[in-house]
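Reading the structure
What follows is each chain in one-letter form.
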There are 2 protein chains.
Amino acid sequence: MENFTPRQKLWLEADGKLVMSDYRVRLLELIAESGSLAHAAGELGLSYRRAWGKVKEIEGNLGIPLVQSEVGGAGGGHTTLSEEGRAFVRAYRRFQENMATELERVFHEELGSLRSSQGKPAIGGR
Amino acid sequence: MENFTPRQKLWLEADGKLVMSDYRVRLLELIAESGSLAHAAGELGLSYRRAWGKVKEIEGNLGIPLVQSEVGGAGGGHTTLSEEGRAFVRAYRRFQENMATELERVFHEELGSLRSSQGKPAIGGR
């Protein structure tokens, strides 16, 4: 028997241009978790330079300063999210989580008979 | 000033396999509108054979007989959606429409300050 699963992909655009996606928010989260842009870049298979460019692009698109850098020191450079960056990531995660909840609810409401069927679905049989 | 727009893509999977998407439901709608698989195929730039194969694949995946064909007659063959096919397309459209409504609502709720900002967004400033 088939088990149907609803899926969704979410992103933000500004003037038709991608400004936030799962991938981009993951980059920001990795920076927040590790305190290191180099580590975050490595996790995503990006060069440091490309990850830095991506962060600056996101900052420019959102109009929010997202990261704070401390150069040098014992362990080398250190990159953290700014307070506004952390608030944005939290808000975006809530957006994703609430939409995931709505996806399940609306799927059950409109297409639930697909899932609960045995053999031939009961759609249209109500 | 930037004007942020939330976007979403929806689809259904069964056992990790794509079973319904915007594209597939569009194919079914074009068949319903035109009464012709050849016309629907042409609109999507598909060969008749490929469109027919796609419809049969969707039927198999969903476990619903979607189309009814009448062969021959004055105007050649004629393909319509079955009652269950029409009911499925209507249900899927409601699923898409309700999710579009939720997208706007949840975006405003969680990320609305991005949109309403002048210059620097007020996220984190609440």
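To keep things clear, this report deals only with the structure shown in the data block. Because the structure is a prediction, the values reported are computed rather than measured.

Looking at the environment of Gln68(B)
Residues and elements named next belong to chain B.
- By secondary structure assignment, the location of Gln-68 is in strand β3 (residues 67–70).
- Residue class for Gln-68 comes out partly exposed when judged on its relative accessible area of 45%.
- Sequence-wise, Gln-68 and Ala-51 are 17 residues apart; in three dimensions their C-alpha atoms are separated by 14 Å.
- With sequence-adjacent residues up to four places away left out, Gln-68 is seen in contact with His-78, Thr-79, Thr-80, Leu-81 and Ser-82.

Regarding the relation of the copies chain B and chain A
- For these two chains of identical sequence, chain B goes onto chain A by a turn of 180 degrees and a shift of 0.0 Å along the axis, with RMSD 0.0 Å. These values place the two chain copies in the arrangement generated by a two-fold rotation axis. Taking C-alpha positions as reference, the residue of chain B nearest the rotation axis is Lys9(B), located at 2.5 Å.

Looking at the packing of helix α1 (residues 22–34) of chain B against helix α3 (residues 48–62) of chain B
Residues and elements named next belong to chain B.
- Between α1 and α3, whose axes approach to 11 Å, the crossing angle comes to 110 degrees. The pairing of α1 with α3 is recorded here as roughly perpendicular in orientation. The interaxial crossing formed by α1 with α3 has left-handed handedness. Seen from α1, the contacting residues are Arg-24, Leu-27 and Ile-31; seen from α3, they are Ala-51, Lys-54, Val-55, Glu-57, Ile-58 and Asn-61.
- Looking at the contact of α1 with α3, its residues break down into five nonpolar, one polar and three charged.

A word on α3(B)
- Between the first and last C-alpha of α3(B) there are 21 Å, a value that for 15 residues agrees with the 21 Å anticipated at 1.5 Å per step.
- Among the residues making up α3(B), those that are buried are Ala51(B), Lys54(B), Val55(B), Ile58(B), Glu59(B), Asn61(B) and Leu62(B).

A closer look at the packing of aromatic side chains
- All told, the structure shown has six aromatic pairs over all chains when counted by the stated rule.
- A ring pair is formed by Phe107(A) and Phe95(B), whose centres lie 6.2 Å apart and whose planes are at 75 degrees; its orientation type is edge-to-face. Taken together, the positions of Phe107(A) in helix α4 (residues 83–115) and Phe95(B) in helix α4 (residues 83–116) put the pair across two chains. By the burial criterion, Phe107(A) is buried, and Phe95(B) matches it.
- Grouping aromatic residues by their ring pairs yields a cluster made of Phe88(A), Tyr92(A), Phe95(A) and Phe107(B).

Digging into the sheet that holds strand β2 (residues 17–21) of chain B
- On the basis of which strands lie adjacent, the open sheet formed by four strands has the order β2(A)-β1(A)-β1(B)-β2(B) and antiparallel pairing. The two strands at the open ends of the sheet, each matched to only one other strand, are β2 (17–21) of chain A together with β2 of chain B. Pairwise comparison of adjacent strand axes, ignoring direction, gives a mean angle of 45 degrees for this sheet.
- For strand β1 (residues 4–14) of chain B and β2(B), the ladder comprises four bridges, and the chain directions are antiparallel. The partner of Glu13(B) across the bridge, within β2(B), is Leu18(B).
- Contacting β1 (4–14) and β2 of chain A, helix α1 (residues 22–34) of chain A runs over the sheet at an angle of about 50 degrees to β2(A).

Observations concerning the interface of chain B and chain A
- At the interface, 44 residues of chain B touch 44 residues of chain A.
- Here chain B meets chain A over a buried area of about 3,900 Å², counting both sides, of which 62% is carbon and sulfur.
- Seen at the junction of chain B and chain A, the total is six salt bridges.
- Within the residue set of the side of chain B that touches chain A, elements represented by two or more residues are β1, α3 and α4 of chain B.
- No other element matches the 19 residues that α4(B) contributes to the side of chain B that touches chain A.
- Among the residues making up the side of chain B that touches chain A, the classes are represented as 23 nonpolar, seven polar and 14 charged.
- Relative to β1(B), β1(A) runs antiparallel, the two sharing eleven bridges. By the bridge assignment, Phe4(A) is partnered in β1(B) with Ala14(B).

Side note on the nonpolar core
- Counting 68 residues, the largest nonpolar core has Phe95(A) and Phe95(B) as its most contacted members.
- Setting aside residues up to four positions removed in sequence, Phe95(A) forms contacts with Leu10(A), Leu12(A), Pro6(B), Leu103(B), Val106(B), Phe107(B), Glu110(B) and Leu111(B).

Here is what the cut-offs are and how they apply
- Numbering of residues starts from 1 in every chain and runs along the sequence as written.
- Note on labels: chains are lettered from A, ligands numbered from 1, in written order.
- The predicted origin of the model limits local features to residues at a pLDDT of at least 70 and limits the giving and counting of side-chain atom pairs to 80 or more, whereas totals for whole chains, interfaces and linings rest on all residues.
- Processing note: side-chain calculations cover all non-hydrogen atoms of the structure and skip hydrogens and water entirely.
- Note on conventions: DSSP H or I runs of at least 4 residues are helices, E runs of at least 2 residues are strands, and numbering of each starts at the N terminus.
- Categorising residues by exposure relies on relative accessible area from a 1.4 Å probe, with only protein chains included: less than 20% of the type maximum marks a residue as buried, more than 50% marks it as exposed, and the intermediate range marks it as partly exposed.
- Contacts between residues were defined by any pair of non-hydrogen atoms, one from each residue, lying within 4.5 Å.
- Our superposition of the copies is a least-squares fit, built on the C-alpha atoms of residues whose pLDDT is at least 70 in both.
- All axes are obtained by fitting lines to C-alpha atoms, using only the stretch in contact for helices, and the reported angles, taken between N-to-C directions, cover 0 to 180 degrees.
- Put simply, angles under 35 degrees are roughly parallel, angles over 145 are roughly antiparallel, angles from 65 to 115 are roughly perpendicular, and the rest are oblique.
- Each crossing gets its handedness from the near helix: less than a right angle anticlockwise from the far helix is left-handed, clockwise is right-handed.
- Each residue gets one label: Ala, Val, Leu, Ile, Met, Phe, Trp, Tyr, Cys and Pro are nonpolar, Asp, Glu, Lys and Arg are charged, and the others, such as Gly, are polar.
- Under the convention used throughout, the expected extent of a helix is 1.5 Å for every residue step, that is, one less than its residue count.
- Side-chain rings of Phe, Tyr and Trp (the six-membered ring for Trp) are treated as a pair once their centres are within 6.5 Å; stacked means planes under 30 degrees apart, edge-to-face means over 60, and tilted covers the remaining angles.
- Criterion used throughout: strands pair if DSSP finds at least two bridges between them.
- Reported buried area values correspond to the accessible surface (1.4 Å probe) lost by two parts on association, with both partners' losses combined.
- The rule for a salt bridge is simple: a side-chain nitrogen of Lys or Arg has to be within 4 Å of a carboxyl oxygen of Asp or Glu.
- In this description, a nonpolar core means a group of buried Ala, Val, Leu, Ile, Met, Phe, Trp, Tyr and Cys residues linked to one another through side-chain atoms lying within 4.5 Å.

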